[in-house]
Amino acid sequence: MLKKVVIQGFKSFGEKTEITFEPSITGIVGPNGSGKSNVAEAIRWALGETKTKILRSERQQDVIFTGSQGRKPVGMAEVTLILDNSNKHFPLPYAEIAITRRFFRSGESEFYINKSPCRLKDIHELLVDTGLGKHGYAIIGQGQVDEILFSSPEEKRSYLEEAAGINRFRMRELEAKKKLLETQNGITRLNDLTNELT
Ligand code: ATP
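Since we're looking at a predicted model, the values are computed, not measured.

## Topic: the overall build of the chain
1) Next: Broken down by element type, the chain carries five helices and six strands.
2) Next: Across the chain, helices and strands are ordered from the amino to the carboxyl terminus as β-β-α-β-β-β-β-α-α-α-α.
3) Next: Expected size for 198 residues packed as a compact globule is a radius of gyration near 16 Å; at 21 Å, the chain overshoots this value by more than 25%.
4) Next: For the chain, with 198 residues in total, the buried portion stands at 19%.
5) Next: Within the chain, counting contacts between residues at least 6 apart in sequence, those at least 24 apart form 49% of the total.

The structure is reproduced here in structure tokens:
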């Protein structure tokens, strides 16, 4: 469960903003253009979303706060998600998991799990089969219901597989196949060398 989101320098959030989610339903209300969708985008972004179309921007840099009346632009966007792990849903020995993403105007990215630097891949691996990961169904944006309903049978299967929790194994299968291929290539090279020497 998502407990808290801390946003700083992301889109309309020039100032550090903390949003706490209680166990029941949370609604975010506000006038048009006040930044409601930016909250959902900040969550997606921290979970590793890189597609600019989904983030309603043209370049990766567009997510960084560009300033507003009386507030200067900033050089870095940072979003932290605090997830509850008291039920050990995630395979880490902590009651809370903090996922942080930072992006600098220079184009550098940083990712952290509980304040330890990590790769985006580590975040994807942590979230696989939770519905929160890449192509997860936990966040359904405007127009996405239709997209899911009219998706191809293969795409529909991928949603069901995420819910059934088998993507973790698919990921491991791909990694094992890659290693197998590398080993086979190694054997071929070794055989070539042996043939040359004998
Ligand atoms: P609606 O109800 O119309 O859907 P909303 O409350 O969901 O609106 P958002 O779309 O989340 O609003 O926010 C849009 C606002 O975010 C705009 O005012 C836009 O100027 C601001 N914004 C987007 N990117 C940035 C940025 N990089 N820096 C500063 N402000 C930004």
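## Considerations on the domain arrangement of the chain
1) Next: If you check the domain split of the chain, you get domain 1 (2-122) and domain 2 (170-198).
2) Next: Each of domain 1 and domain 2 has a C-alpha centre, and these two points are 41 Å apart.

## Observations regarding the UniProt feature "binding site: ATP" (unreviewed entry) in the chain
1) Next: Under the UniProt annotation, "binding site: ATP" (unreviewed entry) lies at Pro-31, Asn-32, Gly-33, Ser-34, Gly-35, Lys-36, Ser-37 and Asn-38.
2) Next: Position of Ser-37 among the secondary structure elements: in helix α1 (residues 36-46).
3) Next: Within the fold, Asn-38 resides in helix α1.
4) Next: Given 20 C-beta atoms within 10 Å, Asn-38 falls into the buried group.
5) Next: Contact partners of Asn-38, with chain neighbours within four places excluded, come to Lys-11, Ser-12 and Phe-13.

## A closer look at the sheet that holds strand β2 (residues 17-20)
1) Next: Reading across from one edge, β2-β1-β3-β4-β5-β6 is the order of the six strands in this open sheet, with antiparallel pairing throughout. Strand pairing shows two members of the sheet lacking a second neighbour, β2 and β6 (116-118), which therefore form its edges. Strand after strand, the sheet turns through a mean of 20° between neighbouring axes, direction not considered.
2) Next: Where helix α2 (residues 120-127) meets the sheet, it contacts β4 (96-104), β5 (109-113) and β6, and its direction lies at approximately 40° from that of β5.

## With respect to unusual backbone geometry
1) Next: A positive phi is found at Arg-56, a non-glycine position, where the angle reads about 50°.
2) Next: Following the sequence through the fold, Arg-56 ends up in the loop between α1 and β3 (76-84).
3) Next: Its 13 C-beta neighbours within 10 Å are what place Arg-56 among the partly exposed residues.
4) Next: Look at Asn-114: it is not a glycine, yet its phi comes out positive at around 45°.
5) Next: Along the chain, Asn-114 turns up in the loop between β5 and β6.
6) Next: You can call Asn-114 partly exposed: it has 13 C-beta atoms within 10 Å.

Calculation criteria
- Residues numbered from 1 in each chain as written.
- Predicted model: local features only at pLDDT ≥ 70, side-chain atom pairs only at ≥ 80, totals over all residues.
- Helix = DSSP H or I, 4+ residues; strand = E, 2+ residues; numbered from the N terminus.
- Rg over C-alpha atoms; globule rule 2.2 N^0.38 Å.
- Buried ≥ 20, exposed ≤ 12 C-beta atoms within 10 Å, placed from the backbone.
- Contact = placed C-beta atoms within 7 Å.
- Domains from an automatic or database assignment.
- UniProt positions renumbered as here; feature names shortened; annotations may be inferred.
- Pairing = 2+ DSSP bridges.
- Axes fitted to C-alpha atoms, helices over the stretch in contact; angles between N-to-C directions.

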